[in-house]
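Okay, here's what each chain looks like letter by letter:
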Amino acid sequence: MSDSDRGILRELTDPPEGLNIMQKDPKGGEVDLTDDMARKRVFFTDGRKTEKSKDDSYQEIDAKWDGKSLISEEKTSRGKFSRTFELAPNGQQLYETVRIDASVYSGKGSGPQVYIQYVYDADQGDSR
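Report follows, based on the coordinates. Values in this document were obtained by computation on a predicted structure and should not be read as measured data. (Residues numbered from 1 in each chain as written. Predicted model: local features only at pLDDT ≥ 70, side-chain atom pairs only at ≥ 80, totals over all residues. Heavy atoms only, no water.)

### Comments concerning the overall build of the chain
Threshold: Segments assigned H or I by DSSP are reported as helices when at least four residues long, segments assigned E as strands when at least two residues long, and all are numbered from the N terminus. Exposure categories follow from relative accessible area, calculated using a 1.4 Å probe and restricted to protein chains: below 20% of the type maximum is buried, above 50% is exposed, and the middle band is partly exposed. Residues are treated as being in contact if the distance between any of their heavy atoms lies within 4.5 Å. Where accessible areas are quoted, they stem from the Shrake-Rupley method and a 1.4 Å probe; at the residue level, only the protein chains shown are allowed to cover.
For the chain, the count of helices and strands is two helices and eight strands. The proportion of buried residues among the 128 residues of the chain is 37%. A separation of at least 24 residues holds for 28% of the contacts in the chain among residues at least 6 apart in sequence. As displayed, the chain offers around 8400 Å² of accessible surface, 47% of which is attributable to carbon and sulfur atoms.

### Quick notes on empty space enclosed by the protein
We count it as follows: Lining residues are those with an atom within 4 Å of a point, where the points come from a 1 Å grid over the protein atoms alone and group into cavities, where a 1.4 Å probe fits but cannot get out, or pockets, open sets with protein on both sides within 12 Å along at least five of seven lines. Grid points are joined across faces, edges and corners, and a volume is the space filled by probe spheres set on the points. Residues are grouped as follows: nonpolar covers Ala, Val, Leu, Ile, Met, Phe, Trp, Tyr, Cys and Pro; charged covers Asp, Glu, Lys and Arg; every other residue, Gly included, is treated as polar.
All chains considered together, the criterion is met by one cavity of 30 Å³ or more. E11, P16, L19, R83 and E96 are, among the 15 residues lining the largest cavity, the residues nearest its centre. Elements supplying a minimum of two residues to the lining of the largest cavity: helix 1 (3-13), strand 2 (30-35), strand 6 (79-87), strand 7 (93-101) and strand 8 (113-121). Tallied by class, the residues present in the lining of the largest cavity amount to nine nonpolar, no polar and six charged.

### Some thoughts on unusual backbone geometry
For A38, which is not a glycine, the phi torsion comes out positive at approximately 65 degrees. Relative to the helices and strands, A38 resides in the loop between strand 2 and strand 3 (40-44).

### Considering the nonpolar core
Here is the rule we go by: To qualify as a nonpolar core, a set must consist of buried Ala, Val, Leu, Ile, Met, Phe, Trp, Tyr and Cys residues joined through side-chain atoms within 4.5 Å.
Of all hydrophobic cores here, the largest spans 15 residues; its most connected members are F43, L70, F85, V98 and I100. Elements represented by at least two residues in this core include exactly strand 2, strand 4 (58-66), strand 6, strand 7 and strand 8. If we ignore the near neighbours within four places in the chain, the residues touching F43 are G29, E30, V31, L33, I61, A63, L70, S72, E74 and F85.

### Remarks on the pattern of salt bridges
Oppositely charged side chains can pair when the atoms bearing their charge come close. Stated formally: We count a salt bridge whenever a side-chain nitrogen from Lys or Arg sits within 4 Å of a carboxyl oxygen from Asp or Glu.
Applying the stated rule across the entire model yields eight salt bridges. Between E74 and R83 there is a salt bridge; the shortest N-O distance is 3.0 Å. The exposure class assigned to R83 is buried, which follows from its relative accessible area of 7%.

### Concerning the sheet that holds strand 4
Quick reminder of the rule: A pair of strands is considered paired only if DSSP assigns at least 2 bridges between the two. Orientation is described by lines fitted to C-alpha atoms, with helices fitted over the stretch in contact, and by angles between N-to-C directions that extend from 0 to 180 degrees.
With respect to topology, eight strands assemble into an open sheet ordered 1-2-3-4-5-6-7-8, the strand pairing being mixed. Every interior strand has two partners, whereas the edge strands, strand 1 (19-23) and strand 8, have only one. Across the sheet, the mean angle separating the axes of adjacent strands is 25 degrees when strand polarity is ignored. Summarising the sheet, strand 1 and strand 2 pair through five bridges and their orientation is antiparallel. Following the sheet pairing, L19 is matched in strand 2 by D35.

Everything listed is a geometric property; what it means functionally is a separate question.
The structure is reproduced here in structure tokens:
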């Protein structure tokens, strides 16, 4: 497994403590996600060409909207994984669901898919 693949797997299985998400375009063409480790992920949903970055702190990712869910299908040198972001019905939490084909990282033909769900609470502002 390459260092890049290890980094991606680590990012998927060891999430940040906090996220800042901003929809740049009212039509939904760009969604910027910045985590508490200063990594920025830019999700393009308008078909815009993404650039491959060698810098782990900035990545451009193809994505699409499925109703109110933002979905990305991403690739590594060993296979594919996906991320789905959706707001909870109460609007106070964000769900991130990661789907990884386990066989990709185990090196064994076909195998089960692993689903991991993270729940982020909305920032309630400064309580001072």
